[in-house]
Amino acid sequence: MIGFSVNGKRVDLEVDPSTPLLWVIREQLGLTGTKYGCGMAQCGACTVHINGEAVRSCVTPVSRVDGKFVTTIEGLSPDLSNPLQRAWLEEDVPQCGYCQSGQLMSAAVLLREKPAPTDEDIDEAMTGNICRCGTYPRIRRAIHRAAEMAAKGGAR
Amino acid sequence: MKRLSSVLWSLLVCGAVSTAWLSHPVAAAGPTAAPTASSDNGALFTAFVPVLRHPRCMNCHSKGGYPRQGDDSHRHTMDIRRGPAGFGVTSVKCSTCHQDHNLGAAHLPPGAPGWHLPPPSVPMIWEGLTDGQLCESIKNPKQNRGRNIDQLVEHLTEDKLVMWGWNPGEGRTPVPIPHDEFSAKVKAWQAAGAPCPAR
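Definitions and limits used
Residues numbered from 1 in each chain as written. Chains lettered and ligands numbered in written order. Predicted model: local features only at pLDDT ≥ 70, side-chain atom pairs only at ≥ 80, totals over all residues. Helix = DSSP H or I, 4+ residues; strand = E, 2+ residues; numbered from the N terminus. Buried ≥ 20, exposed ≤ 12 C-beta atoms within 10 Å, placed from the backbone. Core = buried A, V, L, I, M, F, W, Y, C linked by C-beta atoms within 7 Å. Domains from an automatic or database assignment. Contact = placed C-beta atoms within 7 Å. Pairing = 2+ DSSP bridges. Axes fitted to C-alpha atoms, helices over the stretch in contact; angles between N-to-C directions. Nonpolar A, V, L, I, M, F, W, Y, C, P; charged D, E, K, R; others polar.

A look at the environment of Asp-180 of chain B
Residue and element names in this part refer to chain B.
- The residue Asp-180 is located in helix H8 (residues 179-191) in this model.
- Taking the number of C-beta atoms within 10 Å as the measure of exposure, Asp-180 has 10 and is therefore exposed.
- Put simply, Asp-180 and Thr-157 are 23 residues apart on the chain and 8.8 Å apart in space, counted from C-alpha to C-alpha.

Here it is in structure tokens:
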């Protein structure tokens, strides 16, 4: 039995401890906002938080989250009020959208640690999240915009 | 912001780390071993130095604020950085991808407890050092995060992150001397007063 919190809700699961966290999130918990991209920690589409830190859930055994707090894109805010989500909408960031939940989860850690990031901070933080549509310029603008929103009062 | 070529990461062997210096508590260091006029001409040190020179060690003891990978010690793909404490930056920390154990297939991130680089404050760069300089460097508490010789030997022979060098996972070359033999050589060097080759 492995027990952990997902987006504030406690779950206890009978599951093989080596099962990738991504499978548990999507198939057992039905939280399909987190995407499967490469399965090898190369693309970032599967990024979630464990105790607030970004991880690639596709290569993370579920045993690692026993007793911990997992946040997925569904838990970033209950109503799209997170400044990042608002900025993403205002900058019209996604094209196909497949990578965007991972992009947002990485950006969330960046802004927690660096509330006013420079372009270089953004590049360093987002380097592991690939976007085949090439939305990088809009991602950068949206992160700056979210940082400004958060500085002015955060979630609405 | 990034290069698509970073996708090639999967094709490259993930070299890394035998730098578990941070995973040890930084105990009060004993006195620094005085530079030794080696009666053995440094042979006891050079007997095990091929392990320290191997990419499994050097990939995290090289110049630059980033780790390296593979037996060719190329720069870690995805522009991974050392970060302020040696554990990466913001949303790209070592633990973002690396677990505390190797994953069970080729081209997946290798892992061991405490996966990290030396911190920028004590970067422990061995690249470009002679054997004598390397020997003095690893003995110097100012360059080894406060270890005395006993703690250094324990680190070299028992630390879990260092031990990964003998079990680096599929597709990665292990360090070149069997662990038992390496440990015996390190302890013989210790017993002789940890003599260093001439610089």
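There's more to say after this.
Some words on the nonpolar core
All names here are of chain A.
- Within the largest apolar cluster, 49 residues are counted, with the highest numbers of intra-cluster contacts made by Leu-84, Leu-104, Ala-107, Ala-108 and Ile-143.
- Per-element tally for this core: the top contributor is helix H3 (residues 100-113), with 7 residues.
- When residues are assigned to domains, this core turns out to be shared by domain 1 (2-75) and domain 2 (83-151), each giving three or more.
- When sequence neighbours within four positions are dropped, the list of residues in contact with Leu-104 reads Ile-73, Leu-76, Leu-84, Gln-85 and Trp-88.

Brief notes about the sheet that holds strand S2 (residues 9-13) of chain A
Residue and element names in this part refer to chain A.
- One open sheet accounts for 5 strands, arranged S2-S1-S5-S3-S4; its pairing is mixed. Of all the strands in the sheet, just S2 and strand S4 (53-56) have a single pairing partner and so form its edges. The sheet shows a mean angle of 35° between the axes of neighbouring strands, direction not considered.
- As paired strands, strand S1 (residues 2-6) and strand S5 (residues 69-71) are joined by 2 bridges and run parallel to one another. Counterpart to Val-6 in the pairing with S5 is Val-70.
- Lying on the sheet, H3 is in contact with strand S3 (47-50) and S4; it crosses S3 at an angle near 40°.

Some words on the interface of chain B and chain A
- Counting from both sides, the interface comprises 21 residues of chain B and, opposite them, 25 residues of chain A.
- Elements represented by at least two residues in the side of chain B that touches chain A include exactly strand S4 (92-93) and helix H4 (94-97) of chain B.
- Grouping the constituent residues of the side of chain B that touches chain A by class yields 10 nonpolar, 7 polar and 4 charged.

Notes on the domain arrangement of chain A
All names here are of chain A.
- When cut into domains, chain A gives domain 1 (2-75) and domain 2 (83-151).
- For domain 1 and domain 2, the distance between their C-alpha centres works out to 21 Å.
- Listed per partner, the contact involves 14 residues of domain 1 and 11 residues of domain 2.
- At the level of elements, S3 and S4 are the ones that each hand at least two residues to the side of domain 1 that touches domain 2.
- Looking at the side of domain 1 that touches domain 2 element by element, the count peaks at 3 residues for S3.
- Here the residues of the side of domain 1 that touches domain 2 sort into 6 nonpolar, 6 polar and 2 charged.

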